[in-house]
Amino acid sequence: MSKLDEVLARARARAHYSQDDVGAALGINRVMVSYWEAGTRTPNDRQLSALARLYGIEPADLVEGRHVEPAPNDLAGMLLRAEDDIDPGAVPGIRDFVHFLDRFAELARILGEPIRGLTQSPFVFRQKFTQKDDIRRKAEEVRAYLGLGSGPISDLDPVCETLGVAVYRAPLGSDLSRAPSGAFLSHPEVGYAILVNLDMTPGRRRFTVAHELAHALFHSNETNRVLSHGRGPRESFADAFAGEFLMPSEGIRRFAEEVGLPPRIVDPIDIVHMQRYFKVSWPTALVRLRQMSAIPPDRYEELRASVRPVSLARALGYTIHPEEDAQDAERWRIQRFPMSFRRMLRQAVVTEVMSPPTAASFAGLAVPDIVQILGQPLGGAEQESPYLQTEFNEFEASGVV
């Protein structure tokens, strides 16, 4: 058996927490944590229980020093051990992800409704079939399965919802050399779920949804968890799949042919039109076209450095999403949750299984957020745009209805 100070230090390291993280979680100074791990001070019973919960191990094992392996149900600990070299600042977001999945499962039990989550991929995958053409074919298979053809995908969340893959978003850090872009986890009750790093740009977040979807659909036969960080065969496969899924080679060539673009695209206006058609970011479009050799290497560098794509798109008459100018964390308070969870939470309030304050506390939201999920203010009817009634009248007057 090990001494308590050694066990505490090992347990913290395995959970990927810094001493600052532990201090913040317990509401104490980091120095006290260092005292405990140096053996100069000893945590009291309440603090030991809190540490055990934080590290995902049994209190008795912690006190007696029998082992510091996470408990079998510590999915966050398992996910973190999938990648050793990550920013400790990502740990709270990863644990929040797993905690949310547990709450999702609990909400389903409270309502007595099943979560129709994917638990086995409908697609065949063999490790030897990972060449460029193989990955393109896999992206085409998924698009065909979903009836997407080769055109743009307006919103990836409904796509994931159709497949039964839950999408959750949490801040994990903006420096992707140290922070993960996302994760895939097979939860025993929710099924396949993916995590997206909210600290990234909007375009990179969209790319990551497709990236993690690749892990869920093609790597879940090998592992029940992937933390997307660094490089390796799985990450390269998922990157290539995401590019093909968002901007299919066939779709790019068809679009270029139909609108009269040349095979080698050099005009930024043409690229903006293609970017907006496929509903991806400028960097995603530029990188994707470079991968296809549709942009010469020297022109790629020039376009990357000199073009102001948002200003150019605005000048061309395209609608600019607010997050293209500045990221808005507040809009993700509710939207960070999967659509199916939001529907269940709304049902819990509408059927009075939960009060709005209880639902807010359960989901870690504020009561106004629950009001937004309900779709109308509490205590009165919401004032909708007068144009809605006008449009109904126009349909009726013209004989459409």
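Further up the page is the structure itself.
Here goes a summary of the coordinates provided.

1. Describing the overall build of the protein chain
Each helix and strand counted, the protein chain has 21 helices and four strands in total. Along the first, second and third principal axes, the C-alpha set of the protein chain runs to 75 × 60 × 40 Å. The buried share of the protein chain, reckoned over its 401 residues, is 49%. Pairs at least 24 apart in sequence give 66% of the contacts found in the protein chain among residues at least 6 apart. When the accessible area of the protein chain is evaluated, it comes to approximately 20,400 Å², of which 51% is carbon and sulfur surface. Treating the 46 positive side-chain charges of the protein chain as one cloud and the 54 negative ones as another, the clouds have centres 4 Å apart.

2. Here's the deal with the sheet that holds strand E4 (residues 225-228)
Pairing is mixed in the open sheet, where four strands are placed in the order E1-E3-E2-E4. Because the sheet does not close on itself, it has two edges, and the strands there are strand E1 (166-170) and E4. Put simply, the sheet's adjacent strands are angled 20° from each other on average, direction ignored. In the packing of helix H10 (residues 202-218) onto the sheet, contacts are made with E1, strand E2 (182-187), strand E3 (191-197) and E4, and the angle to E3 comes to roughly 150°.

3. A look at the nonpolar core
Within the largest apolar cluster, 61 residues are counted, with the highest numbers of intra-cluster contacts made by Ile94, Phe97, Leu107, Phe341, Leu345 and Ile370. At eleven residues, the largest contribution of residues to this core is made by helix H7 (residues 91-111). Setting aside residues no more than four positions away along its own chain, phenylalanine 97 makes contact with Leu79, Tyr168, Leu185, Ala193, Ile194 and Leu195. Counting residues in each nonpolar core, the second largest holds 57 residues, with Phe184, Leu217, Ala285 and Ala313 among its members.

4. With respect to the packing of aromatic side chains
One pair of aromatic rings is described through two measures. These are the centre distance and the angle between the planes. One pass over the structure, following the stated rule, counts 19 aromatic pairs. When the centroid spacing of 6.1 Å and the interplanar angle of 55° are considered together, the rings of phenylalanine 125 and phenylalanine 218 count as tilted. Pair noted here: phenylalanine 125 is in the loop between H7 and helix H8 (132-146) and phenylalanine 218 is in helix H10, with a separation of 93 residues, a long-range link. Here phenylalanine 125 and phenylalanine 218 have matching classes, each one buried.

5. Concerning the pairing of E2
Buried residues dominate E2, accounting for five of its six residues. Relative to E3, E2 runs antiparallel, the two sharing six bridges. Residue glycine 182 lies in a different strand from E3, and its bridge partner there is valine 196. As consecutive antiparallel partners, E2 and E3 are separated by three residues. The pairing of E2 with E4 spans four bridges and is classified as antiparallel. Each bridged residue has a counterpart across the sheet, and for leucine 185 the counterpart in E4 is arginine 225.

6. Observations regarding a nonpolar patch on the surface
A cluster of nonpolar side chains, namely Phe395, Val400 and Val401, defines an oily patch on the protein surface of about 320 Å² accessible area. Mapped onto the fold, valine 400 is located in the segment after helix H21 (386-397). Looking at valine 400, the relative accessible area reads 57%, which means it is exposed.

7. Quick word on the layout of surface pockets
Considered as a void within the structure, the largest pocket measures approximately 1,600 Å³ in volume. Lining the largest pocket are 49 residues, and of these Pro202, Gly203, Arg204, Arg206 and Ser281 sit closest to its centre. Of all elements in the fold, only helix H9 (156-163), H10, helix H11 (233-246), helix H13 (268-278), helix H14 (282-291), helix H16 (309-315), helix H17 (332-335) and helix H18 (339-350) reach the threshold of two or more residues within the lining of the largest pocket. The greatest single-element share of the lining of the largest pocket, amounting to eight residues, is contributed by H10. In this structure, the second largest pocket encloses a volume near 270 Å³. Taken together, 16 residues line the second largest pocket, and the ones lying closest to its centre are Ile115, Arg116, Glu161, Ser340 and Arg343. With four residues, H18 is the single largest residue contributor to the lining of the second largest pocket.

8. A short note on unusual backbone geometry
With phi around 60°, lysine 279 is a residue other than glycine that occupies positive phi space. Tracing the backbone through its elements, the reader meets lysine 279 in the loop between H13 and H14. By relative accessible area, lysine 279 is classed as partly exposed at 41%. One non-glycine residue, glutamate 352, lies in the positive phi region at around 65°. Topologically, glutamate 352 is positioned in the loop between H18 and helix H19 (356-363). Relative accessible area serves as the criterion here: at 71%, glutamate 352 is assigned to the exposed category.

Calculation notes
Residues numbered from 1 in each chain as written. Predicted model: local features only at pLDDT ≥ 70, side-chain atom pairs only at ≥ 80, totals over all residues. Heavy atoms only, no water. Helix = DSSP H or I, 4+ residues; strand = E, 2+ residues; numbered from the N terminus. Buried < 20%, exposed > 50% of the residue type's maximum accessible area, 1.4 Å probe, protein only. Contact = heavy atoms within 4.5 Å. Areas by Shrake-Rupley, 256 points an atom, 1.4 Å probe, with all protein chains shown as cover. Lys, Arg positive; Asp, Glu negative; His and termini not counted. Charge placed at Lys NZ, Arg CZ, Asp CG, Glu CD. Pairing = 2+ DSSP bridges. Axes fitted to C-alpha atoms, helices over the stretch in contact; angles between N-to-C directions. Core = buried A, V, L, I, M, F, W, Y, C linked by side-chain atoms within 4.5 Å. Phe/Tyr/Trp six-rings, centres within 6.5 Å; stacked < 30°, edge-to-face > 60°. Patch = residues over 30% accessible without salt bridge, like charges linked within 9 Å, V, L, I, M, F, W, Y side chains within 5 Å. Salt bridge = Lys/Arg side-chain N within 4 Å of Asp/Glu carboxyl O. 1 Å grid on protein atoms, 1.4 Å probe; cavity = no way out; pocket = protein on both sides within 12 Å on 5 of 7 lines; lining within 4 Å. Points joined across faces, edges and corners; volume = space filled by probe spheres on them.

In short, geometric facts, not functional conclusions.
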